[in-house]
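Inside the fold
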Amino acid sequence: QVQLVESGGGLVQAGGSLRLSCAVSGRTFSWYAMGWFRQAPGKEREFVSTISGSGGSTRYGDSVKGRFTLSRDNAKNTVSLQMNSLKPEDTAVYYCAARDAAPSISPYPYHYAYWGQGTEVTVSS
């Protein structure tokens, strides 16, 4: 069974930074492409970023490109989302997700078999 636990959310002022982490337990971590999604109140879940199993490929949603950076440490079974220049519209619950034994990146939530419980990010103006 694969389990994901997010951490690092909180309240930050616009223009500030936060670093979200996701710790993964289960089978061989490098088998899984990882992704981050977010959901604001009253809105659909939105793709934020994804990284391949090796860490060699990444992709970002248009709204976060140039501000967020996704990385992974396969030795520590963690992925980290560095969020800079935060805006009020980044306010959402952020979810970490893992594909099931599929190392290639994907922006689609239905490609992800495992999800964390979410961590809340609030950006004040």
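Please read these numbers as outputs of a predicted model, since none were measured by experiment.

About the criteria used
- Residues numbered from 1 in each chain as written.
- Predicted model: local features only at pLDDT ≥ 70, side-chain atom pairs only at ≥ 80, totals over all residues.
- Heavy atoms only, no water.
- Helix = DSSP H or I, 4+ residues; strand = E, 2+ residues; numbered from the N terminus.
- Rg over C-alpha atoms; globule rule 2.2 N^0.38 Å.
- Buried < 20%, exposed > 50% of the residue type's maximum accessible area, 1.4 Å probe, protein only.
- Contact = heavy atoms within 4.5 Å.
- Areas by Shrake-Rupley, 256 points an atom, 1.4 Å probe, with all protein chains shown as cover.
- Lys, Arg positive; Asp, Glu negative; His and termini not counted.
- Charge placed at Lys NZ, Arg CZ, Asp CG, Glu CD.

Turning our attention to the overall build of the protein chain. Helix and strand content of the protein chain: zero helices and eleven strands. For the protein chain, the succession of helices and strands along the chain, N to C, is β-β-β-β-β-β-β-β-β-β-β. Relative to the globule expectation of 14 Å for 125 residues, the C-alpha radius of gyration of the protein chain, 13 Å, shows essentially globular dimensions. In terms of overall dimensions, the protein chain has a C-alpha envelope of 40 × 25 × 25 Å along the principal axes. The 125 residues of the protein chain split such that 43% are buried. For the protein chain, restricting intrachain contacts to residue pairs at least 6 apart in sequence, the fraction spanning at least 24 positions comes to 59%. Of the roughly 6100 Å² that the protein chain leaves accessible, carbon and sulfur atoms contribute 47%. On the protein chain, the mean spot of the 12 positive side-chain charges and the mean spot of the 9 negative ones are 5 Å from each other.

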